[in-house]
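Observations on the model geometry
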Amino acid sequence: MTYPETQLHHSLPLLLICDNLRDPGNLGTILRSAAGAGCSKVLLTKGCVDVWEPKVLRAGMGAHFQVPIINNLEWEAIPNYLPTDTRVYVADNCGLYAQAQTSMSNKGSNHGWVCDRRFLKFHKYEEEEDLETGAKKDWLPDLEVQSYNLDWTEAPAAVVIGGETHGVSLESLELAESTGGKRLLIPVVPGVDSLNSAMAASILLFEGKRQLRVREEHLSRGRSYH
């Protein structure tokens, strides 16, 4: 498939990975935001709703023909579609809460709870034992949490948006950890549990676009002084 020259010209070093997104309206809206932000491509893991499903097409409003979409991917294949030195970041509405819970669990118990309030789910995990040292260790990747509006686009970036039911997968966290990425926290006021996946994706993608634009403006001003 060929894409509009103007779209390709404005393409950014910013990718989107959809992790088991099953709501067609949300996926279509996310694709529309990805095209509007200038994402270079969108990757869909196995388990996502069919990208050509009528409701996805309707919500996408032509995005399917403006941004490259690669679907039905196993997590093991995802790195093959990422540019060199890409860092993978995971959307997270409650990373600080998860860190606090993990800290508390480490003090008083061998069990912890990982929260993704954006999906209103709690995933229980147990610590594993290191066979060599006998020490307890968490199998959940230990990702640093940072606010979404702090700089995270200094290298090519890929943003993972999790599904509505189960949130982000363990595989996405492992990929983020292996690439030096982080969990991006979108804070909400107390009493509001979550943003839906389409809203979170739009906020993060356009924030990434803003950061890249600001960096380019700084570079342009620096060149003009020479």
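Here the structure is shown first, and the text comes after it.
Residues numbered from 1 in each chain as written. Predicted model: local features only at pLDDT ≥ 70, side-chain atom pairs only at ≥ 80, totals over all residues. Heavy atoms only, no water.

**Structural notes on the overall build of the protein**
- Counting its regular elements, the protein contains six helices and ten strands.
- Counting all 226 residues of the protein, 44% fall into the buried class.
- Nonlocal contacts in the protein, meaning residues at least 24 apart in sequence, comprise 79% of its contacts between residues at least 6 apart.
- Put simply, the protein shows about 11900 Å² of open surface, and 52% of that area lies on carbon and sulfur atoms. (Helix = DSSP H or I, 4+ residues; strand = E, 2+ residues; numbered from the N terminus. Buried < 20%, exposed > 50% of the residue type's maximum accessible area, 1.4 Å probe, protein only. Contact = heavy atoms within 4.5 Å. Areas by Shrake-Rupley, 256 points an atom, 1.4 Å probe, with all protein chains shown as cover.)

**Observations regarding the pattern of salt bridges**
- Evaluation of the coordinates by the stated rule reveals six salt bridges.
- We note a salt bridge from R215 to D151, for which the minimum N-O separation is 2.5 Å. In this pair, R215 sits in helix α6 (residues 197-224) while D151 sits in the loop between β8 (145-147) and β9 (157-162), placing the two residues 64 residues apart along the sequence.
- A salt bridge links E217 to R213, with the shortest nitrogen-to-oxygen separation between them at 3.7 Å. Here E217 and its partner R213 are both found in helix α6, four residues apart, which amounts to about one turn of the helix. (Salt bridge = Lys/Arg side-chain N within 4 Å of Asp/Glu carboxyl O.)

**Digging into unusual backbone geometry**
- Despite not being glycine, N20 has its phi angle at roughly 60 degrees, a positive value.
- For N20, the position within the fold is in the loop between β1 (12-19) and α2 (24-37).
- For N20, a relative accessible area of 17% translates into the label buried.

**Concerning the nonpolar core**
- Counting 35 residues, the largest nonpolar core has L14, L16, C18, L27, I30, V42 and I161 as its most contacted members.
- Secondary-structure elements contributing two or more residues to this core are β1, α2, β2 (39-45), β4 (87-92), β9 and α6.
- In terms of nonpolar packing, the next biggest core, distinct from the first, is built from 17 residues, W75, I78, L82 and L143 among them. (Core = buried A, V, L, I, M, F, W, Y, C linked by side-chain atoms within 4.5 Å.)

**Thoughts on the pairing of β1**
- With seven of eight residues buried, β1 lies mostly within the body of the structure.
- Two elements, β1 and β2, share five bridges in a ladder whose sense is parallel. Residue pairing for β2: L15 is matched across the bridge by K41.
- Between the parallel elements β1 and β2, the chain passes through α2 in a crossover that is right-handed. (Pairing = 2+ DSSP bridges. Right-handed = clockwise from strand over helix to strand, strands pointing away.)

**Description of the sheet that holds β9**
- Strand order in this open sheet of seven strands is β3-β2-β1-β9-β4-β10-β8, and the pairing throughout is parallel. Edge strands, defined here as strands with exactly one partner in the open sheet, are β3 (69-73) and β8. Within the sheet, the average angular offset between the axes of one strand and its neighbour, ignoring direction, is 30 degrees.
- Looking at chain direction, β8 and strand β10 (residues 183-185) are connected through three bridges and run parallel. Considered in β10, the bridge of Q146 is made with L184. (Axes fitted to C-alpha atoms, helices over the stretch in contact; angles between N-to-C directions.)

**Thoughts on helix α5 (residues 170-179)**
- Buried within α5 we find S172, L173, L175 and A176. Here the buried residues of α5 occupy an arc of 160 degrees about the axis, which is enough to place them on one side.
- Lining the buried residues of α5 we find β1, β4, β9 and β10.
- G180 lies just past α5 and shows a positive phi near 80 degrees. (Arc of directions from axis to C-beta.)

**Some remarks on the pairing of β2**
- For β2, the tally of buried residues reaches five of seven residues, placing the bulk of the element in the interior.
- Looking at chain direction, β2 and β3 are connected through three bridges and run parallel. When the bridges of β3 are listed, V42 appears paired with I69.
- For the crossover from β2 across helix α3 (residues 54-60) to β3, the handedness is right-handed.

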